[in-house]
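# Notes for the structure review
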Amino acid sequence: MLKDKTIVLGVTGGIAAYKAADLASKLIQAGAKVEVVMTEAATKFVAPLTFRAITNRPVVTGMFDMASEWSIEHVSLAEAADIIVIAPATADIIAKLAAGIADEMILSTVLATKAPVIIAPAMDVNMFENSVTQENIARLKARSFIIIETGYGRLASGKVGRGRLVENEKIIGTVHMVLGCKGDLAGKKIVVTAGGTEEPIDPVRVITNRSSGKMGYAIAEAARDRGAEVRLISAAHHQPDLVGMKIVRVHTAVEMKEAVTKSLKGAHALIMAAAVADYQAKKVAKEKIKKTGASLTLELVQTPDILGEVRGNFIKVGFAAESENLVENAAKKLQKKQLDFIVANDITDASSGFGVDTNKVTIIDSKGKADRLPLMNKREVADKILDRVVKKIK
Ligand code: CTP
């Protein structure tokens, strides 16, 4: 999605500047053209040559940098940019931006651009929490700058607190979200579920399944990148948070049903990628069950069928993980749960389904038409599913 996009990456002089090299590399790998602009202080932390080698483009380090091909650089960079990302952004650059000062290249490029500007602050906790910095950040937010929350953790000073540069994945997620905000799902609310629910037996043990949550997360991410307002109901606790959406974390099928029902208000589609446990313990033991030497019988009762029970004026998409008679079994579920379409995958195929990054699915619509897709990565599958949702919504 970043193909043919020009990203101006402003790097300012903080210890986190080295992380911007990896950010530039990842943006390039995602297909973007990256133009790096560095403050003089940043060049003390990382050599411009590093960025030059990564981006294969000249790096702008000064206001009148004749080594670069940009003519009146800040104006041409500002016009070429689809988006500007300042990472890391020091307290100093944030203060100058808030005051409208433009005494170096990043600042003057920002002043001259119409492109959206993302700022990823990084500084010591005391500087970050200082009311002056907080006021400056508030001013920039009010002027539609997109400020990414700082991370919490160990800082270069040895202190622990807020002020860390967020992970590059979150910065890249924000870039995708901002660039995709006018996509074909703009103004649409999509509820997605992901992961395998966990049904407790006692305070220590649960019944669960092999679902990793990758397919649901790929759908949530793809929907966000196409402009949707996404609500992700997740039972996939190993998956890192995605930016730009509300994530509700749940454990059991009952909790998931409650979260889904609440989230469906105003929704245009529900995509149930979660592997919801079909059974839960009839009684959850209050204390840890001890072994007695004898065999143990657990009584299980059915969980609520979320997809089968929710009603409303939204598109319903189900998943079916099948080990035999893929199309027939999936079509039966589609009928029973009154779905708009169902995404069936063959779990006997090792490259498809649980835990892996790829999936080979067959999409079956309410008329019974089956569309067998080749092996793709889950993000590509997600977009194929969303293509159908878009068609149905319109
Ligand atoms: N599903 C659900 N609530 C459940 C079980 C499943 O909402 N309690 C949803 C799943 O998220 C999936 C679809 O229903 O989108 C089909 O799930 P699956 O478990 O394959 O279907 P079941 O109806 O449970 O049929 P079976 O387990 O007998 O194959």
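Residues numbered from 1 in each chain as written. Predicted model: local features only at pLDDT ≥ 70, side-chain atom pairs only at ≥ 80, totals over all residues. Heavy atoms only, no water.

### Quick word on the sheet that holds strand S13 (residues 269-272)
Across the sheet, which stays open at both edges, the eight strands sit in the order S12-S11-S8-S13-S16-S17-S19-S20 with mixed pairing between neighbours. Each having just a single partner strand, strand S12 (246-249) and strand S20 (370-372) make up the two edges of the open sheet. Averaged over all adjacent pairs, the angle separating strand axes in this sheet is 15 degrees, with direction ignored. Bridge count for strand S8 (residues 189-194) against strand S11 (residues 229-234) is six bridges, and the pairing is parallel. Its bridge partner lying in S11, Thr-193 is registered against Ile-233. Seen against the sheet, helix H14 (residues 378-393) touches S8, S13, strand S16 (315-322), strand S17 (341-346), strand S19 (361-365) and S20 and runs at an angle of roughly 150 degrees to S16. (Pairing = 2+ DSSP bridges. Helix = DSSP H or I, 4+ residues; strand = E, 2+ residues; numbered from the N terminus. Axes fitted to C-alpha atoms, helices over the stretch in contact; angles between N-to-C directions. Contact = heavy atoms within 4.5 Å.)

### Structural notes on the domain arrangement of the protein
Partitioning the protein into structural domains gives domain 1 (6-179) and domain 2 (189-393). Relative to domain 2, the C-alpha centre of domain 1 lies at a distance of 38 Å. Counting residues at the interface gives five residues for domain 1 and five residues for domain 2. Between domain 1 and domain 2, roughly 450 Å² of surface is buried when both sides are summed, and carbon and sulfur atoms account for 67% of that area. (Domains from an automatic or database assignment. Buried area = accessible area lost by both parts, 1.4 Å probe.)

### Things to note about the site of the ligand
The local shell around the ligand holds 14 residues, among which Met-272, Ala-274, Asp-278, Leu-307 and Lys-333 are the closest. Ala-274 places a polar main-chain atom, nitrogen or oxygen, 2.7 Å from an oxygen atom of the ligand. In the environment of the ligand, an oxygen atom lies 2.7 Å from a nitrogen or oxygen atom belonging to the side chain of Asp-278. Isolated, the ligand exposes 570 Å² of accessible area, and the fraction of that covered by the protein chains is 77%. (Near = heavy atom within 4 Å. Polar contact = N/O pair within 3.5 Å; in protein donor to acceptor, adjacent residues only side chain to side chain. Areas by Shrake-Rupley, 256 points an atom, 1.4 Å probe, with all protein chains shown as cover.)

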